[in-house]
Amino acid sequence: MDFLRPGSWEEALAAKAEHPTAVPIAGGTDVMVEINFDHRRPEYLLDLNRIGDLYAWEVGEDSVRLGASVPYTKIMEHLRAELPGLALASHTVASPQIRNRGGVGGNLGTASPAGDAHPALLAAGAEVEAESVRGSRRIPIDDFYTGVKRNALAADELIRAVHIKKADGPQQFSKVGTRNAMVIAVCAFGLALHPSSRTVRTGIGSAAPTPVRARTAEEFLNAALEEGGFWDNGKIITPSVAKEFAQLCAAACNPIDDVRGTADYRRHAVGIMARRTLTWTWESYRGTAAHTEGVA
């Protein structure tokens, strides 16, 4: 196994073009586990740790450009207001040591359905900035996951950053595991309210071959909120609406039985998390200053 260590982003792109099978390594929290257990033995490792741009973030007027290697700890400390869903998800990642090393780019590159960042990215409607010597492009998060641990990157592309719209409403993240830390998700759920467009987006992790959205549930809830005038009157969402939303979220899953949990349990848990996160986010929305008057 050869170790490639570019000193700049341009050198990294050139190395990836020359060695398309090279596996990028930054935090190494996924790659090194696979190598240590002899599950993977790549011909080349492409070390990205010397590329400072990958550890930087920019907060714009409407969105955040998050470098691929920004550690989860930094997201928790500095971007909680702009990216609340992703900050909550970051809290659940493994241990402090892992959160100091790992970043969203690694989650995306690995594309494991159990990656903690995926539900929050789906709910927020992120875009992945991919680049090669041929040029740069943005891949909508909905198009990024193509199969079990597969993504839409070309062989010569690297993830440079993730573009995420700043939250315009409450966001939540929930995760079920066999313990409270150092655990791979049995299943996970992310939800984001987008009052500016009067829409709701979801993200489900570890309950299908890829991270997915519960699109039918979103369509149902969007229609129910609009028809009931909930965005304007700020009333409590009725139990029947919350129950149907939860059932539709559970139906969006396509899970398996494995050592962490059964398929039936995953569906059940996703429904519970969907109902709870909807309750939490809507109560937060109702509590904002703009909706103080007239709230039932």
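The chain is annotated in an unreviewed UniProt entry as Xanthine dehydrogenase family protein subunit M of Streptomyces ureilyticus.

Engineer: Got a minute to help me understand the pattern of salt bridges in this structure?
Structural biologist: A side chain of one charge can pair with a side chain of the opposite charge if their charged atoms are brought near each other. Applying the stated criterion across every chain yields a total of 21 salt bridges. Salt-bridge contacts for Arg213 lead to Asp142; the nearest nitrogen and oxygen are separated by 2.8 Å. Of this pair, Arg213 sits in the loop between β13 (199–205) and α9 (215–227) while Asp142 sits in helix α8 (residues 141–144); the two residues are 71 residues apart in sequence, bridging distant segments of the chain. On the accessibility criterion, Asp142 (30% relative accessible area) is partly exposed. Note that Arg198 and Asp232 form a salt bridge whose closest N and O atoms lie 2.5 Å from each other. Pair noted here: Arg198 is in the loop between β12 (187–194) and β13 and Asp232 is in helix α10 (residues 230–233), with a separation of 34 residues, a long-range link. The exposure class assigned to Arg198 is partly exposed, which follows from its relative accessible area of 30%.

Engineer: Before we go on, may I ask you to explain the packing of helix α4 (residues 84–91) against helix α7 (residues 117–124) in this structure?
Structural biologist: How two helices sit against one another is set out by the angle between their axes and by the gap between those axes. Where α4 contacts α7, the axes come no closer than 8 Å and their chain directions differ by 175 degrees. Relative to α7, the element α4 is oriented roughly antiparallel. Contacts from Gly85, Leu86 and Ala89 of α4 reach α7 at Ala117, Ala120 and Leu121. Residue composition of the contact of α4 with α7, grouped by class: five nonpolar, one polar and no charged.

Engineer: Which parts of the structure should I look at to understand the sheet that holds β12?
Structural biologist: Within a sheet, each strand pairs with its neighbour through backbone hydrogen bonds, oriented either parallel or antiparallel. Pairing is antiparallel across the open sheet formed by three strands, whose spatial order is β11-β12-β13. Looking along the sheet, the strands with just one partner apiece sit at the ends: β11 (171–176) and β13. Averaged over neighbouring strand pairs, the angle between their axes works out to 10 degrees when direction is ignored. Pairing between β11 and β12: six bridges, direction antiparallel. Bridge pairing links Gln171 to Ala192 in β12.

Engineer: Looking at this model, I keep getting lost on the domain arrangement of the chain. Mind explaining?
Structural biologist: One frequent convention defines the size of an interface as the accessible area lost when the parts assemble. With domains assigned, the chain is organised as domain 1 (2–165) and domain 2 (171–289). The straight-line distance from the C-alpha centre of domain 1 to that of domain 2 is 25 Å. Counting residues at the interface gives 24 residues for domain 1 and 28 residues for domain 2. Across the interface of domain 1 and domain 2, roughly 1,900 Å² is buried in total on both sides, 65% from carbon and sulfur atoms. Contact with domain 2 buries area across many residues of domain 1, yet Pro113, Pro119 and Ala123 alone supply 27% of it, more than any other trio. For the interface between domain 1 and domain 2, the tally reads four salt bridges. Taken together, the elements giving at least two residues each to the side of domain 1 that touches domain 2 come down to α4, α7, α8 and β8 (145–147). Grouping the amino acids of the side of domain 1 that touches domain 2 by side-chain chemistry returns 14 nonpolar, eight polar and two charged.

Engineer: Just to check I follow, could you spell out the side chain of Arg160 for this structure?
Structural biologist: Tracing the chain through its elements places Arg160 in strand β10 (residues 158–165). Not counting the four nearest positions on each side in its chain, Arg160 is found in contact with Trp9, Asp53, Leu54, Arg65, Gly67, Ala68, Glu129 and Glu131.

Engineer: Would you take a moment to explain unusual backbone geometry for this structure?
Structural biologist: Most peptide bonds are trans, and most residues other than glycine sit at a negative phi. We note that Ala111 has phi near 60 degrees; this positive angle belongs to a residue other than glycine. Counting through the fold element by element, Ala111 comes out in the loop between α6 (104–110) and α7. Among the residues examined, Ala111 registers a relative accessible area of 0% and is labelled buried. The phi dihedral of Ser206 is positive, around 60 degrees, even though this residue is not glycine. Locating Ser206 in the fold gives a position in the loop between β13 and α9.

Engineer: Help me out: how do you make sense of the layout of surface pockets in this one?
Structural biologist: The method is simple in principle: a probe with the dimensions of a water molecule rolls over the atoms, and the space it marks as empty is what remains. Estimates place the volume of the second largest pocket at around 270 Å³. Lining the second largest pocket are 20 residues, and of these Ala124, Gly125, Lys165, His194 and Arg201 lie nearest its centre. Listed by contribution, the elements that provide at least two residues to the lining of the second largest pocket are α8, β13 and α9. Ranked by residues supplied to the lining of the second largest pocket, first place goes to β13 with three residues. Of the domains in this structure, domain 1 (2–165) and domain 2 (171–289) are the two that each give at least three residues to the lining of the second largest pocket.

Engineer: Mind showing me how you'd approach the packing of aromatic side chains here?
Structural biologist: Aromatic rings in a pair are described by how distant their centres are and how their planes are angled relative to each other. Under the criterion given, the structure shown has five aromatic pairs. Look at Trp231 and Trp282: their rings are 5.3 Å apart centre to centre, the planes differ by 70 degrees, and that puts the pair in the edge-to-face class. Taken together, the residues Trp231 in helix α10 and Trp282 in helix α12 (residues 263–286) connect sequence positions 51 residues apart. Note on Trp282: relative accessible area 2%, which makes it buried. Centre to centre, the rings of Trp231 and Tyr285 are 5.3 Å apart; their planes meet at 80 degrees, and the pair counts as edge-to-face. On the criterion of sequence distance, the pair formed by Trp231 in helix α10 and Tyr285 in helix α12 is long-range, its members being 54 residues apart. For Trp231, a relative accessible area of 2% puts it in the buried group. The exposure class of Tyr285 is buried, given its relative accessible area of 6%. An aromatic cluster of at least three residues, connected via ring pairs, comprises Phe230, Trp231, Trp282 and Tyr285.

Scoring rules and cut-offs
Residues numbered from 1 in each chain as written. Predicted model: local features only at pLDDT ≥ 70, side-chain atom pairs only at ≥ 80, totals over all residues. Heavy atoms only, no water. Salt bridge = Lys/Arg side-chain N within 4 Å of Asp/Glu carboxyl O. Helix = DSSP H or I, 4+ residues; strand = E, 2+ residues; numbered from the N terminus. Buried < 20%, exposed > 50% of the residue type's maximum accessible area, 1.4 Å probe, protein only. Axes fitted to C-alpha atoms, helices over the stretch in contact; angles between N-to-C directions. Parallel < 35°, antiparallel > 145°, perpendicular 65-115°, else oblique. Contact = heavy atoms within 4.5 Å. Nonpolar A, V, L, I, M, F, W, Y, C, P; charged D, E, K, R; others polar. Pairing = 2+ DSSP bridges. Domains from an automatic or database assignment. Buried area = accessible area lost by both parts, 1.4 Å probe. 1 Å grid on protein atoms, 1.4 Å probe; cavity = no way out; pocket = protein on both sides within 12 Å on 5 of 7 lines; lining within 4 Å. Points joined across faces, edges and corners; volume = space filled by probe spheres on them. Phe/Tyr/Trp six-rings, centres within 6.5 Å; stacked < 30°, edge-to-face > 60°.

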